[in-house]
Amino acid sequence: AQRVTQPEKLLSVFKGAPVELKCNYSYSGSPELFWYVQYSRQRLQLLLRHISRESIKGFTADLNKGETSFHLKKPFAQEEDSAMYYCALSGLQGAQKLVFGQGTRLTINP
Amino acid sequence: NAGVTQTPKFRVLKTGQSMTLLCAQDMNHEYMYWYRQDPGMGLRLIHYSVGEGTTAKGEVPDGYNVSRLKKQNFLLGLESAAPSQTSVYFCASSPPGGVRELFFGEGSRLTVL
C-alpha cells in the first residue's frame, strides 16, 4: 500500500531562517515523489518532483530511499513561502494516481 | 485558457439531498480525479478516471458516484448527502502516460447540514 506521512500539521519559522518540511513514505516499489503547494487564494500546484532534481523558488528535496523520506528544504525562508504544502507519491512506470500526505501549513513570521 | 473549472464553487445541502459537482478541463487530458480536502486528513482520492467512459474507486469512494461520458468532463455525484461529506472538493486532470503533474481546479466547498 502507498502511504505518505507529513508529521507536522503546522510549522512556523521566522523570515530568513531555514525551513524543513518533513515527508516520509511507504511504498513497496520504486516511488516518484512530489511536493505540491497551495498559496492563499490560489490553486494547488506542483512545486517540484524528485526526478527533476531541480530547485524551485529556492526549495529543494532529496529522495532518501534508505530513510524513505523526501523532506523539503529552503535555506532562507521568505514571507511569500507561507502556504499549505503537500507531499505526494506515485509509483513509476505509468502510475495512474497520486497519494497525498496530510499537509503542512507553513507560516513565515516577519 | 481556463484549465480545470469546477462548478459550483459553494453549495449548502441538507442531509439526504442530492447534488452533482461538475469538472471540466480544456487541456485534452486523459486522466481526471476527484479529491476531498479535510483538515488534518490532507487530500484523499475519491474516484478517478483514466479515459472517457472509464472510472475507478479511490481511497474514499463510499457515498459518491462519478461519470465520465465526455473526455473533458468528470461529474461527482452525491445521491444522499451526509454531514460527513462536508468538505472542499478538488478536481484535477493529468495527461496520459503515468501521472506526473496534476492540474487542479479552484475547489468546491460543500456544507451538509
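The text that follows walks through the structure, step by step, so that each part is easy to find. All figures in this text were calculated on a predicted structure; none of them were measured in a lab. (Residues numbered from 1 in each chain as written. Chains lettered and ligands numbered in written order. Predicted model: local features only at pLDDT ≥ 70, side-chain atom pairs only at ≥ 80, totals over all residues. Heavy atoms only, no water.)

## Focus: the overall build of chain B
Now for step 1: Secondary structure summary: chain B contains 0 helices and 11 strands in total.
Now for step 2: Ordered by position from the N terminus, the helices and strands of chain B form the series β-β-β-β-β-β-β-β-β-β-β.
Now for step 3: Its C-alpha atoms give chain B a radius of gyration of 13 Å, near enough to 13 Å, the size a compact globule of 113 residues would have.
Now for step 4: Based on the C-alpha atoms only, the size of chain B along its principal axes is roughly 40 × 30 × 25 Å.
Now for step 5: When contacts within chain B are restricted to residue pairs at least 6 apart in sequence, those whose partners lie at least 24 apart make up 53%.
Now for step 6: Total accessible area on chain B is roughly 5100 Å²; 53% of this is exposed by carbon and sulfur atoms.
Now for step 7: Measuring between centres, the 11 positive side-chain charges of chain B sit 5 Å from its 9 negative side-chain charges. (Helix = DSSP H or I, 4+ residues; strand = E, 2+ residues; numbered from the N terminus. Rg over C-alpha atoms; globule rule 2.2 N^0.38 Å. Contact = heavy atoms within 4.5 Å. Areas by Shrake-Rupley, 256 points an atom, 1.4 Å probe, with all protein chains shown as cover. Lys, Arg positive; Asp, Glu negative; His and termini not counted. Charge placed at Lys NZ, Arg CZ, Asp CG, Glu CD.)

## Describing the pattern of salt bridges
Now for step 1: All told, the structure shown has 8 salt bridges over all chains when counted by the stated rule.
Now for step 2: Here Lys-74 of chain A makes a salt bridge to Asp-81 of chain A, at a shortest N to O gap of 2.9 Å. Of the two residues examined, Lys-74 of chain A and Asp-81 of chain A, each falls in the buried class.
Now for step 3: Note that Glu-30 of chain B and Lys-71 of chain B form a salt bridge whose closest N and O atoms lie 2.9 Å from each other. Of the two residues, Glu-30 of chain B sits in the loop between β3 (19-25) and β4 (31-38) while Lys-71 of chain B sits in the loop between β7 (65-67) and β8 (73-78), which places them 41 residues apart along the sequence.
Now for step 4: By relative accessible area, Glu-30 of chain B is classed as partly exposed at 24%.
Now for step 5: Take Lys-71 of chain B: its relative accessible area is 19%, and that puts it in the buried class.
Now for step 6: Salt bridges linked by common partners bring Glu-20, Lys-22 and Lys-73 of chain A together as one network. (Salt bridge = Lys/Arg side-chain N within 4 Å of Asp/Glu carboxyl O. Buried < 20%, exposed > 50% of the residue type's maximum accessible area, 1.4 Å probe, protein only.)

## Notes on the nonpolar core
Now for step 1: In this structure, Trp-35, Leu-72 and Tyr-85 of chain A are the most contacted members of the largest nonpolar core, which totals 25 residues.
Now for step 2: Those elements that place two or more of their residues in this core are β2 (10-14), β3 (19-21), β5 (31-38), β6 (45-49), β9 (83-91) and β11 (104-109) of chain A.
Now for step 3: In terms of residues, this core owes the most to one element, β9 of chain A, which gives 4 residues.
Now for step 4: Among residues more than four places away in sequence, those in contact with Tyr-85 of chain A are Gln-6, Leu-21, Trp-35, Tyr-36, Val-37, Tyr-39, Leu-47, Phe-59, Leu-72, Gly-103, Thr-104 and Leu-106 of chain A.
Now for step 5: Grouped together as the second largest cluster of nonpolar side chains are 22 residues, Ala-88 and Leu-98 of chain A together with Ala-92 and Phe-104 of chain B included. (Core = buried A, V, L, I, M, F, W, Y, C linked by side-chain atoms within 4.5 Å.)

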